[in-house]
Amino acid sequence: MKYAIDIEASLMKFLDGKAVVLTIDRDYWLLMKFLRNSYERGSVLIMPYVSSTFLDIDQDPPLRHQDKDPDSWYFFRGTMKRKHGGLARPMMYEMAKEMKGADFKGVVLNKKDHSIFGILNSTSTLMRRSSVCLCPEGDSPTSLRVFEALASGCVPLIMVDRIHMATNLPFPSQINWDRIALFTHPLGYIKNITHMVRAIESVAGRDAGQEQLDKLDAMRREGRRVFNRYFSYLRNAEGVAEAMLFEAWVQIQRKGAVEGPYFNAKAAEKAKTDPFLLGKTNPRYGGKRYPGSTRKDPFGKKAKQNGIVT
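Residues numbered from 1 in each chain as written. Predicted model: local features only at pLDDT ≥ 70, side-chain atom pairs only at ≥ 80, totals over all residues. Heavy atoms only, no water.

Turning our eyes to something else, we now look at the environment of Ile-46. Along the chain, Ile-46 falls in strand β2 (residues 44-46). Separated by 25 residues in the primary sequence, Ile-46 and Val-21 place their C-alpha atoms 8.5 Å from one another. In this view, Ile-46 contacts Thr-23, Ile-24, Arg-26, Thr-167, Asn-168, Leu-169, Pro-170 and Phe-171; residues no more than four positions away in its chain are not counted. (Helix = DSSP H or I, 4+ residues; strand = E, 2+ residues; numbered from the N terminus. Contact = heavy atoms within 4.5 Å.)

In the structure shown here, the tally under the stated rule is one disulfide. Residue Cys-135 stays outside any disulfide, its sulfur separated by 6.5 Å from that of Cys-133, the closest cysteine. Here Cys-135 falls in the buried class, since its relative accessible area comes to 1%. (Disulfide = S-S within 2.5 Å. Buried < 20%, exposed > 50% of the residue type's maximum accessible area, 1.4 Å probe, protein only.)

In this section: the side chain of Glu-222. Along the chain, the position of Glu-222 falls in helix α9 (residues 210-231). For Glu-222, a relative accessible area of 14% puts it in the buried group. A polar atom in the side chain of Glu-222 sits 2.8 Å from the side chain of Arg-225. (Polar contact = N/O pair within 3.5 Å; in protein donor to acceptor, adjacent residues only side chain to side chain.)

Mapped onto the fold, Asp-103 is located in strand β4 (residues 102-106). Not counting the four nearest positions on each side in its chain, Asp-103 is found in contact with Asp-71, Ser-72, Tyr-74, Phe-75, Phe-76 and Arg-77.

Moving on: unusual backbone geometry. Unlike most non-glycine residues, Phe-171 shows phi in positive territory, near 55°. Topologically, Phe-171 is positioned in the loop between α7 (162-165) and β7 (182-184).

Taken as a whole and assessed by the stated rule, the structure comprises twelve salt bridges. Measuring nitrogen to oxygen at the nearest pair gives 2.9 Å for the salt bridge that ties Arg-235 to Asp-56. Of this pair, Arg-235 sits in the loop between α9 and α10 (237-254) while Asp-56 sits in the loop between β2 and β3 (74-78); the two residues are 179 residues apart in sequence, bridging distant segments of the chain. A salt bridge links Glu-94 to Lys-97, with the nearest nitrogen and oxygen atoms 3.4 Å apart. A residue pair is termed a helical-turn pair when its members lie 3 or 4 positions apart in one helix, as Glu-94 and Lys-97 do in helix α4 (residues 91-98) at three residues. Looking at Glu-94, the relative accessible area reads 38%, which means it is partly exposed. (Salt bridge = Lys/Arg side-chain N within 4 Å of Asp/Glu carboxyl O.)

Encoded structure:
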């Protein structure tokens, strides 16, 4: 779907809501458009992104704060012009002016240009030297940057609404994300940049104090362990597959489909009379994130223009 692949209607009807759909972005708009029932019913399993071969390597990165570059303490490389939540990314330039050791630059990668490999290599080297990697929202809440930060020994600072992000991180039954990542408000929510920077510096800054620096070191060690165990497609594909199967096993129990330690009896009773599962309703198009959306207008722009929704 993401690459305009046509799916036969009968297969789409089977998939939509009646199968567990694997995706790296729960809130990617094409998923909400074409598999709306799966999206709304929670029949979606989040998978990690595939990290760069420059970072998914056996050699451990520097994990102690003493070994990090103070001039690149905070790090970001990426496109500054994105859709949806990524529209506020240029605010990071203003944040950089008030942060100690901020290294933020806008970079656009062209996959047809062979220089991309040199850019990826240099970016990976800088990430490994940095302490905290900013991970703002882009076209969707999650991004490759979160997983590459963990691989590089850089604590991800995830700048997405916490409640929203809770359903967009992989393997929540097995990973305590609070032990490997920091969370803050989305860039679009920030009204006072100075206050936001002070809050970040007090927790993750290079002058935050020994106790906080030790906590960051512990997060880097745990983050690297989690990456090697659950997110390394190149060196531990079996571990990724095992984590996926376990999470699917947990999910189908919570749906009441099979019994086990996570079994939800109420969900099982509800499923017996669910008109969708009984085949009495048809797939719909659109998604909650874009009210008024239709097949031809997935973002609901016409509905907003006509005042039907706000």
